[in-house]
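# Topology and contacts: notes
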Amino acid sequence: MRKIVLLGYMGCGKSTIAQNLSKITKIPFLDLDECIEKRANLSINEIFSQHGEVYFRKLEHEMFVELLNSPENVIIGLGGGTPCYANNHELLKGENVASVYLKASIDTLYNRLVYNKSKRPLIANMNEEEMREFIAKHLFDRSFYYNQAQHKVVVDGKSVEETVQDILGILA
Ligand SMILES: Nc1ncnc2c1ncn2[C@@H]1O[C@H](COP(=O)(O)OP(=O)(O)OP(=O)(O)O)[C@@H](O)[C@H]1O
Ligand SMILES: O=C(O)C1=C[C@@H](O)[C@@H](O)[C@H](O)C1
Ligand SMILES: [Mg+2]
């Protein structure tokens with residue numbers, strides 16, 4: 001069964017876009033971060049603080065494989081780091097997978113994340129200047145993995161609806 005996988009940096013809009021795409025296509029949406037939280041019965045912040053990032057990455061990989069192997073058609077919104085660990089980027093190329101990188105610029109990401117960082121443990125304790133520099137370097141490091149996606153949609157300056165239409169065009 002077909003899996004539509006949305007990926008990209010924190011704040012690029014994976015969860016927001018996937019929800020809207022799901023409404024239009026009637027294909028159910030699963031957010032990988034939410035699935036992990038339910039399975040662990042802990043928030044992402046709690047998993048990081050109580051068990052550490054390595055443990056989180058292990059859960060993340062296991063849950064991603066489980067969702068890809070499920071028998072239903074589903075839209076999967078990945079976590080920001082999912083493609084960058086445990087060879088998860090190889091899973092973006094699977095036969096029944098349509099993977100879409102939501103590509104956002106540093107400015108777009110910074111503007112979206114600056115007032116919205118508390119639930120994102122990697123940036124929660126940074127000031128504004130540290131955050132901009134972190135995003136720039138981190139995005140550079142991660143781009144190799146994001147670019148393994150089968151498709152790419154630039155989201156800068158686009159409304160949620162416009163990005164959803166771009167994805168529908170790719171999937172048609
Ligand atoms: N055009 C847009 N497209 C998508 N999101 C937008 C747009 N404009 C503003 N936003 C806002 O940007 C934020 C995007 O966050 P969202 O949680 O969807 O990103 P994410 O990629 O799932 O992040 P994370 O990896 O941390 O889960 C939301 O608060 C959303 O309302
Ligand atoms: O970019 C990342 O590494 C992360 C993004 C979030 O979606 C969560 O998966 C977690 O906060 C880690
Ligand atoms: Mg999300």
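None of the values given here were measured: they were computed from a predicted structure.

Near ligand 2, the surroundings consist of Met10, Asp33, Ile44, Phe56, Arg57, Gly79, Gly80, Gly81, Pro121, Leu122 and Arg142. At 2.7 Å from an oxygen atom of ligand 2 is found a side-chain nitrogen or oxygen belonging to Arg57. Separating an oxygen atom of ligand 2 from a backbone N or O atom of Gly80 is a distance of 3.1 Å. Compared with its free state, where it exposes 310 Å², ligand 2 has 95% of that area covered by protein. Among the detected pockets, ligand 2 sits in the largest pocket. Considered class by class, the residues forming the shell around ligand 2 number five nonpolar, three polar and three charged.

This part is about the nonpolar core. Judged by nonpolar contacts, the single largest core of 52 residues is most densely connected at Leu102 and Ile167. The element best represented in this core is helix α4 (residues 53-68), accounting for six residues. Excluding residues within four positions of it along the chain, Leu102 makes contact with Leu6, Leu7, Gly8, Cys12, Gly13, Lys14, Ile17, Val153, Val155, Thr163 and Ile167.

Mapped onto this numbering, the UniProt entry annotates "binding site: Mg(2+)" (unreviewed entry) at Ser15. Among the structural elements, Ser15 can be located in helix α1 (residues 14-25). On the basis of relative accessibility, which here comes to 31%, the residue Ser15 falls in the partly exposed class. In contact with Ser15, not counting residues within four places along its chain, are Phe29 and Asp31.

Attention now moves to the side chain of His138. Relative to the helices and strands, His138 resides in helix α6 (residues 128-146). Engagement of the side chain of His138 in a polar contact is seen with the side chain of Tyr9, the distance being 2.7 Å. Not counting residues within four places of it along the chain, the set of residues in contact with His138 comprises Tyr9 and Leu122.

Mapped onto this structure's residue numbering, the UniProt feature "binding site: ATP" (unreviewed entry) falls at Gly11, Cys12, Gly13, Lys14, Ser15, Thr16 and Arg120. Of the annotated positions named here, the largest pocket is lined by Gly11, Cys12, Gly13, Lys14, Ser15, Thr16 and Arg120. Following the sequence through the fold, Lys14 ends up in helix α1. Overall, Lys14 belongs to the buried group, its relative accessible area being 7%. In contact with Lys14, not counting residues within four places along its chain, are Leu6, Leu7, Gly8, Tyr9, Leu78, Gly79, Gly80 and Leu102.

Calculation criteria
Numbering of residues begins from 1 in every chain and follows the order in which that chain's sequence is written. A letter from A marks each chain and a number from 1 marks each ligand, given out in the order of writing. Local features in this predicted model are restricted to residues of pLDDT 70 or higher, and side-chain atom pairs are both shown and tallied only at a pLDDT of 80 or more, whereas totals for entire chains, interfaces and linings draw on every residue. Working from all heavy atoms in the structure, the side-chain values ignore hydrogens and water. Nearness is defined per residue: one heavy atom within 4 Å of the molecule or strand is enough. Under the rule applied, a polar contact is a pair of N or O atoms within 3.5 Å (in protein, one hydrogen donor and one hydrogen acceptor; residues adjacent in sequence only if both atoms are side-chain atoms). Only the protein chains shown count as cover for residues, with accessible areas throughout obtained via the Shrake-Rupley method and a probe of 1.4 Å. Buried and open spaces are told apart on a 1 Å grid over the protein atoms alone, a cavity being a set of points where a 1.4 Å probe fits but cannot get out and a pocket being an open set with protein on both sides within 12 Å along at least five of seven lines. Residues with an atom within 4 Å of a point are the lining residues. Should more than half of a molecule's atoms lie within 2 Å of a pocket's or cavity's grid points, that molecule is taken to sit in it. Each residue is assigned to one of three groups, with Ala, Val, Leu, Ile, Met, Phe, Trp, Tyr, Cys and Pro labelled nonpolar, Asp, Glu, Lys and Arg labelled charged, and all others, Gly among them, labelled polar. We define a nonpolar core as any set of buried Ala, Val, Leu, Ile, Met, Phe, Trp, Tyr and Cys residues linked to one another through side-chain atoms lying within 4.5 Å. Between buried and exposed lies partly exposed: a residue is buried under 20% and exposed over 50% of the maximum accessible area for its type, with that area taken using a 1.4 Å probe on protein chains only. In this description a helix means any DSSP run of H or I spanning at least four residues, a strand means any run of E spanning at least two, and both kinds are numbered starting from the N terminus. Note on definitions: a residue-residue contact is assigned when non-hydrogen atoms from the two residues lie within 4.5 Å. UniProt positions are given in the numbering used here, feature names are shortened, and annotations may be inferred rather than shown by experiment.

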